[in-house]
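Commentary on secondary and tertiary structure
Here is how the chains run, residue by residue.
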Amino acid sequence: MATIVFQQITKHYAGTNTPAVDAVSFEVPEGSTCMLVGTSGSGKTTLLRMVNRLIEPTSGEILIDGKNVLSENPIQLRRRIGYVIQQVGLFPHLTIAENVRVTAEITGGWDKRKLASRVDELLDLVGLPPHEFRKRYPRQLSGGQQQRVGLARALTTDPSILLMDEPFGALDAITRARMQDELLRIQRDVHKTILFVSHDIEEAFKLGNQIAVLSEGRLVQMGSPVELLARPANSFVSQLVGADNRMRQLQFLSVLDAIDGRPEAVSSAHWGDLPGIAADTSLFDALLQLLSTNAPALVITNPSSDTPYGAVTLASLTQQINRSRQETPVETTR
Ligand SMILES: Nc1ncnc2c1ncn2[C@@H]1O[C@H](COP(=O)(O)OP(=O)(O)OP(=O)(O)O)[C@@H](O)[C@H]1O
């Protein structure tokens, strides 16, 4: 695992008037997924590619576990960093197994037998049963399956960091959603530190622990989906994340944030008569359940105790949304 720290990182391409990335500073904690979002040309890809030194910064530093990437040999650095892009770029004349294996061979450090079992392990991990897919050629795979191979290939060296640049951008909506679910599943197993460029705010909310919003090369806001929705730093972020959309807010706020503390609202003596709801339910689902059951309140159950967390009501739910809107922005860099 690895922590990535950006310190005043700047990229000024020769012949351009303004920097593509302008003094950006933030930290991606190890094992977390940070989504880079922003309008086209805001510097997302440039920022990403400076991590594995496909682009060299003009100034500033990128530290991986405290070590400046510029002090490392780029080839060795890339061994520790998986890279997945939209154009998977599989070798058409090689089988799937060979496509995965060739990356490991190029980066080195694996003996042949270990490599063969590693390839099968990786195909399994990305949901391509090896007995079925090992010997196929890229043209015999769908776009989504090819993208899975791309991910397997990026994982061959067991890197601690994954850089993903719009990996699912060319897939249809259903396949894209499936791939996002797969990535979440895989990430639960592998705990990589992931930096992921996306144009799709829904994707960013679904996959990201934190979201970095870029505009014209600058970091405008950094925060969790809930923070961005509840406290957008400015109208640009607000528009980008759709913070005016109350339904979306409800999807990302937890039912635990909206416990009704008023003693007159629901007495715990009546909890046994009310429908239960799990603590990890969103306010959106809680609202649907309140409406569909017509119950005055829902009891938030606690799996590790007989005593529920409390109850949520329509009133407490509305109050929580209004409260979060009045709070001040979390973090702005400029
Ligand atoms: N090699 C280059 N030489 C000069 N300018 C470049 C180069 N690569 C990118 N740029 C410029 O740098 C800025 C940031 O580009 P970048 O590709 O990082 O943005 P992005 O946010 O990833 O965009 P998109 O979402 O459209 O992919 C843009 O204005 C782009 O035109």
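Note that the structure is a prediction, hence the values are computed from the model and not measured.

**A look at the overall build of the protein chain**
A count of helices and strands for the protein chain gives 13 helices and 13 strands. For the protein chain, with 334 residues in total, the buried portion stands at 38%. Long-range contacts, defined as pairs at least 24 residues apart, comprise 68% of the intrachain contacts of the protein chain with a sequence gap of at least 6.

**Observations concerning the packing of helix α6 (residues 143–155) against helix α7 (residues 173–190)**
In the contact formed by α6 and α7, the axes pass within 10 Å of each other and the chain directions differ by 25°. Classified by the interaxial angle, the pair formed by α6 and α7 is roughly parallel. As for the relative orientation of α6 and α7, their crossing is right-handed in sense. Contact residues: α6 offers G143, G144 and Q147, while α7 offers T175, R178 and M179.

**A look at the sheet that holds strand β9 (residues 210–215)**
A sheet is described by the order of its strands in space; here six strands give the open sequence β6-β7-β8-β3-β9-β10, paired in mixed fashion. The two strands at the open ends of the sheet, each matched to only one other strand, are β6 (81–85) and β10 (218–223). Adjacent strand axes in the sheet meet at a mean angle of 15°, parallel and antiparallel pairs treated alike. Inspection of the sheet shows β6 paired to strand β7 (residues 161–165) by five bridges, in the parallel sense. Each bridged residue has a counterpart across the sheet, and for G82 the counterpart in β7 is L162. Here helix α1 (residues 44–51) sits on the sheet in contact with β3 (33–38), β6, β7, β8 (193–197) and β9, set at roughly 150° to β8.

**Concerning the environment of E132**
Within the secondary structure layout, E132 lies in helix α5 (residues 130–133). Taking the C-beta count within 10 Å as the criterion, E132 has 10 such neighbours and is therefore assigned exposed. A sequence separation of 82 residues divides E132 from L214, and the C-alpha atoms of the two residues are 42 Å apart.

**Brief notes about the sheet that holds strand β1 (residues 4–11)**
One key point about sheets: their strands pair by backbone hydrogen bonds, in either a parallel or an antiparallel sense. Judged by pairing direction, the sheet is antiparallel, and its four strands sit side by side in the order β2-β1-β4-β5 without closing on themselves. Only two strands of the sheet have a single neighbouring strand rather than two, namely β2 (21–28) and β5 (67–68). Where α1 meets the sheet, it contacts β1, β2 and β4 (59–64), and its direction lies at approximately 120° from that of β1.

**Quick word on the site of the ligand**
Taken together, Y13, T16, A20, G38, S40, G41, S42, G43, K44, T45 and T46 make up the full set of residues adjacent to the ligand. At three residues, the largest contribution of residues to the shell around the ligand is made by α1. Class assignment of the residues belonging to the shell around the ligand gives a composition of two nonpolar, eight polar and one charged.

**Details of α7**
With 18 residues, α7 ought to run about 26 Å at 1.5 Å a step, and its terminal C-alpha atoms sit 25 Å apart, in line with that. Listing the buried residues of α7 in full gives R176, M179 and L183. One side of α7 carries all its buried residues, which in axial view fall inside an arc of 60°. Facing away from the buried side of α7, by more than 90 degrees, are the exposed residues I174, L184, R188 and D189. Buried-residue contacts for α7 involve α6 and α8 (201–207). Looking one or two places after α7, you find H191, whose phi comes out positive at around 50°.

**Considerations on the domain arrangement of the protein chain**
As assigned here, the protein chain comprises domain 1 (4–241) and domain 2 (250–326). One C-alpha centre belongs to domain 1, the other to domain 2, and the line joining them spans 37 Å.

**A word on the pairing of β10**
Counting buried positions over the six residues of β10 gives five, a clear majority of the element. Pairing geometry for β9 and β10, over five bridges, is antiparallel. Paired with S215 across the strands is R218, a residue of β10.

**Some remarks on the nonpolar core**
Within the largest apolar cluster, 65 residues are counted, with the highest numbers of intra-cluster contacts made by L36, V51, L163 and L195. Excluding anything up to four places from it in sequence, V51 contacts I4, I62, V69, I81, L163 and L195. In terms of nonpolar packing, the next biggest core, distinct from the first, is built from 15 residues, A258, I277, L290 and A297 among them.

**A few points about the pairing of β1**
Taken together, the five bridges between β1 and β2 define a ladder with antiparallel strand orientation. Following the sheet pairing, V5 is matched in β2 by E27. Where β1 and β4 come together, five bridges link them in antiparallel fashion. Looking across to β4, one finds that Q7 is bridged to E61.

Parameters and conventions
- Residues numbered from 1 in each chain as written.
- Predicted model: local features only at pLDDT ≥ 70, side-chain atom pairs only at ≥ 80, totals over all residues.
- Helix = DSSP H or I, 4+ residues; strand = E, 2+ residues; numbered from the N terminus.
- Buried ≥ 20, exposed ≤ 12 C-beta atoms within 10 Å, placed from the backbone.
- Contact = placed C-beta atoms within 7 Å.
- Axes fitted to C-alpha atoms, helices over the stretch in contact; angles between N-to-C directions.
- Parallel < 35°, antiparallel > 145°, perpendicular 65-115°, else oblique.
- Left-handed = near helix turned anticlockwise from the far one by under 90°.
- Pairing = 2+ DSSP bridges.
- Near = placed C-beta within 6 Å.
- Nonpolar A, V, L, I, M, F, W, Y, C, P; charged D, E, K, R; others polar.
- Expected span 1.5 Å × (residues − 1).
- Arc of directions from axis to C-beta.
- Domains from an automatic or database assignment.
- Core = buried A, V, L, I, M, F, W, Y, C linked by C-beta atoms within 7 Å.

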